[in-house]
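# Reading the structure
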Amino acid sequence: MNRIIILISLYISFAAFAEKTPLEVYGKLPAATQMRLSPDGNFIAFIRHHEGATYIGVTDRLRKTTNFITYTDNEKFKIDWFRWANNEMLLISAHYPVHRMHRKYTEARLYKIKIDGSEKMRQVSIPKNGERFAQYQNAIIDILPNDPNHILMEIDYKNGNFPDVYKINLERKNSRSRLVRGRNDITHWMTDQQHRVRLGFGIDETRIFYSLFDLKSKKWRRIWDYEIFDAPDITPLGFGLNPDELYIRADHQGRYAIFTVDLSQVDLPRTLVYADKDYDIEGALIYSRLSNDVVGVYHGESEDNKIYFTPDYEKFQQALNQAFPNSSTHITSFSENERQYILHTSSLESAGRYYFGDRNSGKLKPLIYQYPQLNHTNLRGKTKKTYQASDGLTIEAYLTLPEHLAEKNRPAIIIPHGGPMSRTYGNFDWFSEFFASRGYLVLEPNFRGSSGYGFKFETAAIQSWGGAMQTDLADAALWLNKNYQVDKNNICIVGASYGGYAALMAAATQQSIFKCAVSFAGVSDLEYLVRKSRNFTNNKVVEKQIGDDADVLEKNSPINFAKSINIPVMLIHGDLDTVVPVEHSQKMYQALTQQNKEVEYIELENGNHYLSIEKNRLNTLRSIESFLEKHLLN
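Residues numbered from 1 in each chain as written. Predicted model: local features only at pLDDT ≥ 70, side-chain atom pairs only at ≥ 80, totals over all residues. Heavy atoms only, no water.

Scanning the protein chain for helices and strands turns up 11 helices and 37 strands. With respect to the three principal axes, the spread of C-alpha positions in the protein chain is 65 × 60 × 50 Å. In the protein chain, the share of contacts with a sequence separation of at least 24, taken over all contacts with a separation of at least 6, comes to 54%. (Helix = DSSP H or I, 4+ residues; strand = E, 2+ residues; numbered from the N terminus. Contact = heavy atoms within 4.5 Å.)

Encoded structure:
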């Protein structure tokens, strides 16, 4: 295919915006997400957000009709994702916040629903007499495309945290058969492309291991094991069409790369498939629906956010790039014959737009904007920058500049990401775009401890909260002041989760750098965090990651520095947060008010860790905007 025609008028008018684009334009949930074609290509399913509610819609392309078949208000439960089971049925994953026996956690369920609306949404599998009420009942390990009425799932009905594999009959109520009995310490399973259970993922406290079902001996054998954080990870990504070919992510010259492993050989020889000398390859494999083989891998630092291994797919990607210059293009879904597809694009002209593509005609039809009022008049975009930390380490960061940059003494905000062993990318981000629209320079550092830059860089986060990761943020502020016309006395730090912790530690220890601090869902007490983890199965990992020395944890906990904090602080937290309990912000607020410090606290009703409820997202933006105006603009 050499040419793609876009069916869209050359004349596009945009509504006139006031000097400030309305907050709601950024803070509302995107109009649509997760657009996916049915296997035959005749239907498009998608998630639609409207007035705070979330719907699943299905468009019949041939009849040109759309029906919304289920919805949630996002308060009682949230829809996470969906998949096509076959041409007539969707599988929907939802999670629920649970507060039971003085513990807050999340439960997940898998539902099925006919797209014609003839039946209500029903749970795919429920426990039978004598079985456990499993916390996670949404893990599909194989769709079984050649058997459209069945799927494979892993559920721990028998032995907590060690699931069995079941073949689920989607046409009958709660009908299933057990294919693989759970094994001690195996927490997840993987099938090959012939739909056989072949690999088990295990953890024994802090030791990671993998068990392989050998096709020759018909026996399970352990193939890799290592101590977490002590050695680079080995992460199985999926099987090739050849059942003895396993794709893994593993270390290569200091960065994580993609290899194939020959499982037929006892010594498991590896062949390098793709490596980036500067960045880890962190994405999932890309499979062809035609060949059922691997054709590429997602890579957030590549030009197209993906790398294809086969010429045909690379050629098609280049045709899309030519049709949408200066844009990011991503095929979110193919029909099973790969003649129809859903395309997502984003650029400084649009924060996100979906198209339906037909390779037979070579035409693209626009479907929907994700953020209809964000376009070239108000999108700023991110630019990758580097700066030197105080010890000479090079740190990457993403900078979003406001309009009218030439004005002197502009205020700025530093946004440290969560994790901390995660990272920020350069794609569209409603949060940073909003604050740039309010006149702030926004810098998002990938401080040491971030993922994406190799094992050594990432594991700098281990038991180092409050250490060099923290000073990297102060160095980011100093770099801004030196290289841009930023008022050094008007820089605030705004973070969520670990980033919220970093904001609070900045308030306690870096007051000469930051004028104010905002913590959303931030950790305030490391000792409390580690202690509460003992109620869960990953507590040994948490202890190894954060530490278990009470004196060190106390020294690096913001809650113990309330007396010395002398800059304004804002705390925001969802009352149903199951990742960082709301008690972290409640106790921090109490400690600050007892010391008569300048602090504001907002608790979001039914709020979780991810601002999934639209009204909470809008309230959070309004509150932070008001706080920053008060302390930076005035």
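Back to the text.
The next point concerns the pairing of strand β13 (residues 164-169). Of all 6 residues in β13, 5 are buried; the element is thus mostly enclosed. Both β13 and strand β14 (residues 175-180) contribute to a ladder of 5 bridges, which runs antiparallel. Pairing of Lys167 across the sheet is with Ser177, part of β14. Connecting β13 to the next strand, β14, in antiparallel fashion are 5 residues, including Asn174 with a positive phi near 50°. (Buried < 20%, exposed > 50% of the residue type's maximum accessible area, 1.4 Å probe, protein only. Pairing = 2+ DSSP bridges.)

Next up on the list: helix α2 (residues 311-323). Compared with the 18 Å implied by 1.5 Å per residue over 13 residues, the 19 Å span of α2 between its first and last C-alpha is a close match. Taken together, the buried positions of α2 are Tyr313, Phe316, Gln317, Ala319, Leu320, Asn321 and Ala323. (Expected span 1.5 Å × (residues − 1).)

Further remarks concern the nonpolar core. With 80 residues, the main nonpolar core has Leu199, Trp224, Trp465 and Leu480 as its most contacted residues. Top contributing element to this core by residue count: helix α6 (residues 498-509), with 9 residues. With near-sequence residues (within four places) excluded, Trp224 lies in contact with Ile208, Phe209, Tyr210, Ile234, Pro236, Leu246, Ile248, Val261, Leu268 and Arg270. Counting residues in each nonpolar core, the second largest holds 33 residues, with Trp430, Val518, Leu604 and Leu632 among its members. (Core = buried A, V, L, I, M, F, W, Y, C linked by side-chain atoms within 4.5 Å.)

One way to put it is that helix α3 (residues 430-437) packs onto helix α11 (residues 614-633) with a least axis distance of 12 Å and a crossing angle of 35°. Regarding α3 and α11, the two cross each other, and that crossing is right-handed. Where α3 abuts α11, its residues Trp430, Phe431, Phe434 and Phe435 lie against Arg617, Leu621, Ile624, Glu625 and Leu628. Tallied by class, the residues present in the contact of α3 with α11 amount to 7 nonpolar, no polar and 2 charged. (Axes fitted to C-alpha atoms, helices over the stretch in contact; angles between N-to-C directions. Left-handed = near helix turned anticlockwise from the far one by under 90°. Nonpolar A, V, L, I, M, F, W, Y, C, P; charged D, E, K, R; others polar.)

This paragraph deals with the sheet that holds strand β15 (residues 186-191). Across the sheet, 4 strands lie side by side as β15-β16-β17-β18; this open sheet has antiparallel pairing. The sheet is open, and its two borders are formed by β15 and β18 (220-227), each paired with just one other strand. Averaged over all adjacent pairs, the angle separating strand axes in this sheet is 20°, with direction ignored. Where strand β16 (residues 197-204) meets strand β17 (residues 207-213), 6 bridges bridge the pair, whose relative direction is antiparallel. Bridge assignment links Gly200 to a residue of β17, and that residue is Ser211.

On to the environment of Ala461. Along the polypeptide, Ala461 turns up in the loop between α4 (455-458) and α5 (468-483). Take Ala461: its relative accessible area is 1%, and that puts it in the buried class. When the C-alpha atoms of Ala461 and Gly419 are compared, they prove to be 9.5 Å apart, with 42 residues separating the residues in sequence.

Successive residues of a regular strand alternate their side chains across the two faces of the sheet. Summarising burial for strand β33 (residues 441-446): 6 of the 6 residues are buried, a large majority. The two faces of β33 match: Leu441, Leu443 and Pro445 on one face and Val442, Glu444 and Asn446 on the other face are all buried. Pairing of strand β31 (residues 394-400) with β33 involves 5 bridges; the strand directions are antiparallel. Bridge pairing in β33 places Ala397 opposite Pro445. Sheet analysis places strand β32 (residues 410-414) next to β33, joined by 3 bridges and oriented parallel. Within β33, the residue paired with Ile413 across the bridge is Val442. With α3 bridging β32 and its parallel neighbour β33, the resulting β-α-β unit is right-handed. (Right-handed = clockwise from strand over helix to strand, strands pointing away.)

The analysis is restricted to geometry; functional conclusions fall outside its scope.
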